[in-house]
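# Coordinate inspection notes
Each chain is listed here by its residues.
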Amino acid sequence: SSRPLSLSAGTMRGSSGAAVAGLVGAAVYCVIVAVRRARRRKASSGVAESTIRRMTRLAIEHGAVNLSQGFPNEAPPREMALFGAGALLCGESEATASAAAERLGGWLEEAEEEAESGSSSSGLDSLNQYSFPYGAPCLREAISRYYARRGLEYSAETEVTVCMGATEGFAACLRALAAPGEAVVFFEPFHELYPSQVAVFYLRPRAVTLVDTGDAWTFDPKALDRALRGARLFLFNSPHNPTGKVFDEAELRLIAALCRKHGVTPVTDDIYEHVLFGSRDHSPLARLERAECVVVNSVSKTCKATGWRIGWVLADPEKTRRIRAVHDQLVASCPTPLQFAVARYLPNANFASVRQDYVPKRDALLAALADAGFRLGPTPQGAYYLFADYSSVPRLARLSPVDAAVYMTATVKVACVPGDNFYLSHDSKHRFGSKYLRFAFVRSLPVIAQAAHNLRAHFRRDS
């Protein structure tokens, strides 16, 4: 009878050992999480909002004479401002902008002569000087109202940060919300900005591959689950560059659930939110993850103003505090007169025509690439790119993506981007990126028509 007793005791010892191992494992995990949190706090604790710019805000709040910050309250040279206005209104070339500036100068002189008091006779100015580091109040309020119309509430005072386009917005988020060595996840193919900025801040990139199934670009939920384990941030772009994929409701819910499961903060890239085709509307991930999600957006793409560099970041107050501190040290403030312009335009802007503008461009380029022998895969649902498979084009099939892109640019006279530029690992570049070229149909319809002509003229001989 001693034998069964011995077995029972062994079983008990085994069970006890397993329990202890489980407790040790849980404790180790808690320590790892605590160390990561402490590292993040340490990484961002040395970055704070400028004391100088804080004193300007206090001067405004208390009605003090502001001798704290080194910016004037007098107007910039009239001639320079006129050249700026000429570029804004007639930006086709330097010559057209200069001519417009001259005409505007003459008109202003006549107007001031007719007026009893010229509008700029005081020589004082505020809209050409620094704004608050995190954005002019009028623009932050406009951004807040813009999202409120869509059912998302953000406080202009504590949750909206105006930044130097989405590029700087992402940089501020990566520096503020992650510490060196932590992992950042995104889908591939991706915009080259993602891994480049991740590298700048000594973070570790992880890519989950979107696969062309013929009808759609899809991803493996298990692969995303694995990638998010232990990660800090998830960079998410929809409509997607370069595939044109618009993630559907089921995919959004899955992504939100996996981010919650792993305690990962999603940072969304919404710059193509109005470049959509068909009847589909943009469904932001923030609608499902309002508390944790960080939204990055700008007017660059939607308003065809990529040179303005006016963007914004939306986040809860604690994240916003950290993002603003980094943003303050990166750029100080964004162009104030352009902030004013966006603030006046954004609240009542109607972007319904944006998708209509791009449909004929997309269709013209699709047809020309098909005639040239490219395999086009899923038709883009949004954004303004075609990720085209060139492996069926005889003159290109044996070339590397870089060589194919150079051939297209130098010989066909249609510039594009090599597909392996949008993949992370050597394996992914070879397995997926080695057959693609990316074309942007963002240019005017006559330019797209010229590209289509060049494609047909060059590849017609192969048909």
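Scroll up for the structure.
Overview of the structure. (Residues numbered from 1 in each chain as written. Predicted model: local features only at pLDDT ≥ 70, side-chain atom pairs only at ≥ 80, totals over all residues. Heavy atoms only, no water.)

### Considering the environment of Ala-99
Looking at the element boundaries, Ala-99 is found in helix α4 (residues 94–114). Placed 16 residues apart in sequence, Ala-99 and Phe-83 show a C-alpha to C-alpha distance of 8.9 Å. (Helix = DSSP H or I, 4+ residues; strand = E, 2+ residues; numbered from the N terminus.)

### Remarks on the nonpolar core
Soluble globular proteins: nonpolar side chains tend toward being buried together. Counting 84 residues, the largest nonpolar core has Phe-374, Met-408, Leu-437 and Phe-439 as the members making the most contacts within it. For this core, the leading source of residues is helix α6 (residues 165–177), giving eight residues. (Core = buried A, V, L, I, M, F, W, Y, C linked by side-chain atoms within 4.5 Å. Buried < 20%, exposed > 50% of the residue type's maximum accessible area, 1.4 Å probe, protein only.)

### Points about the packing of aromatic side chains
Aromatic ring pairs: the centre-centre distance and the angle between the two ring planes describe each pair. Enumeration according to the criterion identifies 28 aromatic pairs in this entry. For the ring pair Phe-186 and Tyr-194, a centre distance of 5.9 Å and an interplane angle of 50 degrees mean the geometry is tilted. In this pair, the class of Phe-186 matches that of Tyr-194, namely buried. Aromatic ring contacts, followed pair by pair, group Tyr-146, Tyr-147, Tyr-154, Trp-312, Tyr-345 and Phe-351 into a single cluster. Sitting above the plane of the Phe-277 ring, Arg-362 keeps its charged end 4.5 Å from the centroid. (Phe/Tyr/Trp six-rings, centres within 6.5 Å; stacked < 30°, edge-to-face > 60°. Lys NZ or Arg CZ within 6 Å of the ring centre and 35° of its normal.)

### Let's talk about unusual backbone geometry
Note: most residues except glycine have negative phi, and most peptide bonds are trans. The omega torsion of the bond from Glu-188 to Pro-189 falls at 0 degrees, within 30 degrees of zero and hence cis. Within the secondary structure, Pro-189 is located in the loop between β2 (183–188) and α7 (193–200). A cis amide bond links Asn-241 to the next residue, Pro-242, at an omega of 20 degrees. Relative to the assigned elements, Pro-242 resides in the loop between β6 (233–237) and α9 (249–262). For Lys-304, which is not glycine, the phi dihedral falls at a positive 55 degrees. Mapped onto the elements of the fold, Lys-304 is located in the loop between β8 (294–298) and β9 (311–314). Under the relative-accessibility criterion, Lys-304 is labelled exposed at 55%. Phi at Ala-383 is positive, roughly 60 degrees, even though this residue is not glycine. Following the sequence through the fold, Ala-383 ends up in the loop between α12 (352–371) and β10 (385–389). By relative accessible area, Ala-383 is classed as buried at 0%.

### Re the sheet that holds strand β11 (residues 417–418)
On the basis of which strands lie adjacent, the open sheet formed by three strands has the order β10-β12-β11 and antiparallel pairing. Every other strand in the sheet has two partners, leaving β10 and β11 as the edge strands with one partner each. Looking at chain direction, β10 and strand β12 (residues 436–440) are connected through five bridges and run antiparallel. Among the inter-strand pairings, Asp-389 is bridged to a residue of β12, identified as Tyr-436. (Pairing = 2+ DSSP bridges.)

### Re the sheet that holds β8
Read from one edge to the other, the open sheet built from seven strands follows the order β1-β9-β8-β7-β6-β2-β3, with strand pairing classed as mixed. Only two strands of the sheet have a single partner each, and these edge strands are β1 (160–163) and β3 (204–209). Geometrically, the sheet is characterised by an average inter-axis angle of 20 degrees between neighbouring strands, direction not taken into account. Inspection of the sheet shows β1 paired to β9 by four bridges, in the antiparallel sense. (Axes fitted to C-alpha atoms, helices over the stretch in contact; angles between N-to-C directions.)

### So, the pairing of β10
Counting buried residues in β10 gives five out of five residues, a clear majority hidden from the surface. Here β10 shows a buried face lined by Tyr-385, Phe-387 and Asp-389 and a second buried face lined by Leu-386 and Ala-388.

### Thoughts on empty space enclosed by the protein
Under the definition given, this model contains two cavities of 30 Å³ or more. The calculated volume of the largest cavity comes to roughly 70 Å³. In this structure, the largest cavity is lined by Trp-217, Thr-243, Leu-366, Leu-376, Pro-378, Pro-380, Tyr-385, Leu-386, Phe-387 and Ala-388. Looking at which element gives the most residues to the lining of the largest cavity, the answer is β10, with four residues. Split by residue class, the lining of the largest cavity holds nine nonpolar, one polar and no charged. Here the second largest cavity defines a volume of roughly 50 Å³. Grouping the constituent residues of the lining of the second largest cavity by class yields six nonpolar, four polar and one charged. (1 Å grid on protein atoms, 1.4 Å probe; cavity = no way out; pocket = protein on both sides within 12 Å on 5 of 7 lines; lining within 4 Å. Points joined across faces, edges and corners; volume = space filled by probe spheres on them. Nonpolar A, V, L, I, M, F, W, Y, C, P; charged D, E, K, R; others polar.)

### Points about the packing of helix α5 (residues 137–148) against helix α11 (residues 336–345)
Contact geometry for α5 and α11: axes closest at 8 Å, N-to-C directions at 35 degrees. Both α5 and α11 take part in a crossing whose hand is left-handed. In contact with Cys-138, Leu-139 and Ala-142 of α5, α11 contributes Gln-339, Phe-340, Val-342, Ala-343 and Arg-344. In terms of residue class, the contact of α5 with α11 is made up of six nonpolar, one polar and one charged. (Left-handed = near helix turned anticlockwise from the far one by under 90°. Contact = heavy atoms within 4.5 Å.)

### A few points about the layout of surface pockets
For the largest pocket, the calculated volume is near 890 Å³. Considering the residues around the largest pocket, the lining is formed by 32 residues, among which Ala-81, Leu-82, Ala-85, Asn-128 and Pro-337 are closest to the centre. Counting only elements with at least two residues in the lining of the largest pocket, the list comes to α3 (78–89), α4 and α11. Counting residues per element, the lining of the largest pocket draws most heavily on α3, which supplies eight residues. In terms of residue class, the lining of the largest pocket is made up of 21 nonpolar, eight polar and three charged. Volume-wise, the second largest pocket comes out at about 550 Å³. As for the second largest pocket, its lining consists of 23 residues, of which Tyr-384, Ala-440, Val-442, Arg-443 and Ser-444 are closest to the centre. Listed by contribution, the elements that provide at least two residues to the lining of the second largest pocket are α12, β12 and α15 (445–459).

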